[in-house]
Amino acid sequence: MPVDKVQLQHKFGIISHNHRQNLLERISAPATPTNNIRKPIPCEISHDFIIFYNRCDPLDRSKFDVKASQLLQRVKRRAGLLSGGSGRHVHIPRSWVELTLLARCKGPFRDDVLKVLFASLLTAPPSVDNIPSLFLVCETVIEWIKELGNPIPETAWSNTQILTYNISELCFWRVYNHALLHNLQGCDSFLSDLSWHVENLDFVRKVYSKYPDGELLLRLLESIKTVLSGIYPSKKEPNSPPKKNLASDGLMYGLDFYQGVRNGLDPGTSLSALLTTLTLLGTENHLNTVLTFKLLTVVCCKNYLALQIVQAAATGNLPISDDNTENTGICKASLQSWDWVTASEFISLLVHAAIDGETSEIQKSAIQAGEMTSVRVDSAPVQGYGLLDIVALNTAGALGPAVQYALQQALTRLHIHIKNHPLRK
């Protein structure tokens, strides 16, 4: 069948001659190569930027501070601090990696980065996708501990050292939680690298041992490393069975009491679990003791009776009626006879209750207990220990140097909270 070709006269429609010529020129012109080049992100972290930031003259650092602030704002948004760690714009693993890079910048800006990293570790959901970045943060923070320990701080920790301490404690607790949930299967290389970093902390022990906070941090890291080695045996010992239940008896009773209060039950119904926890508290390893105190801290901030029972146990006057239970733990003696780790954790419990207590009576009792009406023995009120009561013990010379340091830290924190409280004005 023949095809007739008809010449197209008006392919652009009926338009003017000048307009038609302009369109033909634009169509026939080649595309410029810059149109296909992806524009770089205005705030993109690189090692070169960190090197330039640290080497620049202090007088010229203002322009670098502007870009660093833009970088931090983008990472803060990517970390999801304002959205609870959720949203299409949130990418927590990438934000943790970028924050560890930004934290290499020297000067006051580093403290701002560490605050964002601490807030992200505190609020991020415990997702399995975050585990590789979490191990990176753990290894990086150990290197920071080594750097901050040289030279030796003479008087007190700096703000950077305190932030590093809080971040290291928090990220290792996250690793421990993933280990308890058996989420670290297939992370042998990460665990091996982390164990190597922790084992090489021996030379900084001399630096941090004179600070109770530093000694507690090193004990925590070593305890978690030991637990991880028990859960996930090394390749050198493939036949050693992994441990399945790492919680001690005291911690299990503390969890029982915590779950009861959390579910809205009357603390009196699960009082035996609390008393059993107190009889075992202080007799177990460091990790379980710290975990049990953290559970009791949450409960004591919400329940007045639980707080006063713990305060009464600190005086050594709380009787245990069960004959089958040995009178051990913190109930066997008063606060003056406790080991310094247990006494420091008890002081930390009191300062948390004084600041974060849900009722005024909880806050008052944590500051000064005196005679406690909620706890009675033979129809008589029992004395308890609050922060000011422990100050009286310190005045009498009944406390050791490490407990004195913990008390000083707690009172300083309480003073700053009261000073900055809006109701004070």
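Quick note: structure is the one above.
Here we summarise the structure given alongside this text. (Residues numbered from 1 in each chain as written. Predicted model: local features only at pLDDT ≥ 70, side-chain atom pairs only at ≥ 80, totals over all residues. Heavy atoms only, no water.)

A few points about the pattern of salt bridges
Under the defined criterion, the tally for this structure stands at two salt bridges. Residues E98 and R94 are paired through a salt bridge, measuring 2.9 Å at the closest nitrogen-oxygen approach. Of this pair, E98 and R94 both sit in helix α4 (residues 92–102), four residues apart, roughly one helical turn. Since its relative accessible area comes to 10%, E98 is described here as buried. Taken together, the shared-partner salt bridges in this structure form one network comprising R78, R94 and E98. (Salt bridge = Lys/Arg side-chain N within 4 Å of Asp/Glu carboxyl O. Helix = DSSP H or I, 4+ residues; strand = E, 2+ residues; numbered from the N terminus. Buried < 20%, exposed > 50% of the residue type's maximum accessible area, 1.4 Å probe, protein only.)

A short note on the packing of helix α14 (residues 304–314) against helix α15 (residues 340–356)
Helix packing geometry: the angle between the two helix axes and the distance between the axes. Remark: α14 packs on α15, axes separated minimally by 12 Å, with the N-to-C direction vectors making an angle of 145°. Of the two possible hands of crossing, α14 and α15 adopt the one that is left-handed. For the pair formed by α14 and α15, the contact residues are L307, V310, Q311 and A314 on the first element and F346, L349, L350 and A353 on the second. Taken together, the residues of the contact of α14 with α15 break down into seven nonpolar, one polar and no charged. (Axes fitted to C-alpha atoms, helices over the stretch in contact; angles between N-to-C directions. Left-handed = near helix turned anticlockwise from the far one by under 90°. Contact = heavy atoms within 4.5 Å. Nonpolar A, V, L, I, M, F, W, Y, C, P; charged D, E, K, R; others polar.)

What to know about empty space enclosed by the protein
Here the structure, examined in full by the defined rule, presents two cavities of 30 Å³ or more. Looking at the second largest cavity, its volume works out to about 30 Å³. The wall of the second largest cavity is formed by V198, L201, R205, L218, L221 and E222. Ranked by residues supplied to the lining of the second largest cavity, first place goes to helix α10 (residues 212–231) with three residues. Tallied by class, residues from the lining of the second largest cavity come to four nonpolar, no polar and two charged. (1 Å grid on protein atoms, 1.4 Å probe; cavity = no way out; pocket = protein on both sides within 12 Å on 5 of 7 lines; lining within 4 Å. Points joined across faces, edges and corners; volume = space filled by probe spheres on them.)

Observations concerning the packing of helix α6 (residues 131–148) against helix α7 (residues 159–180)
Packing of α6 against α7 brings their axes to within 9 Å, and their N-to-C directions diverge by 145°. In the packing of α6 onto α7, the handedness of the crossing is left-handed. Seen from α6, the contacting residues are I131, L134, F135, V137, C138, V141, I142, W144, I145 and L148; seen from α7, they are T160, Q161, T164, I167, S168, C171, F172, R174, V175 and H178. The class makeup of the residues in the contact of α6 with α7 is 14 nonpolar, five polar and one charged.

What to know about the packing of aromatic side chains
Tallied over the full model, the rule gives six aromatic pairs. Geometrically, the ring pair formed by Y53 and F109 is tilted, given 6.0 Å between the ring centres and 50° between the ring planes. Remark: F109 occurs in helix α5 (residues 108–123) and Y53 occurs in helix α2 (residues 47–55); sequence separation between them is 56 residues. With relative accessibility at 2%, the residue Y53 sits in the buried group. Taken together, a centroid distance of 5.6 Å and an interplanar angle of 80° make the contact between W338 and F346 edge-to-face. For the residue pair W338 and F346, the accessibility class agrees, reading buried in each case. (Phe/Tyr/Trp six-rings, centres within 6.5 Å; stacked < 30°, edge-to-face > 60°.)

Observations regarding α5
Because each turn of an α-helix spans 3.6 residues, side chains separated by three or four positions end up pointing in the same direction. Its 16 residues place the ends of α5 24 Å apart at the C-alpha level, agreeing with the 22 Å of an ideal helix rising 1.5 Å per residue. Every buried residue of α5 is listed here: F109, R110, D111, V113, L114, V116, L117, S120 and L121. Buried-residue contacts for α5 involve α2, α3 (61–79), α4, α6 and α7. (Expected span 1.5 Å × (residues − 1).)

So, the environment of L275
Within the secondary structure, L275 is located in helix α12 (residues 271–280). Remark: the alpha-carbon pair of L275 and V310, spanning 35 residues in sequence, is separated by 9.0 Å.

So yeah, pure geometry; function would need other evidence.
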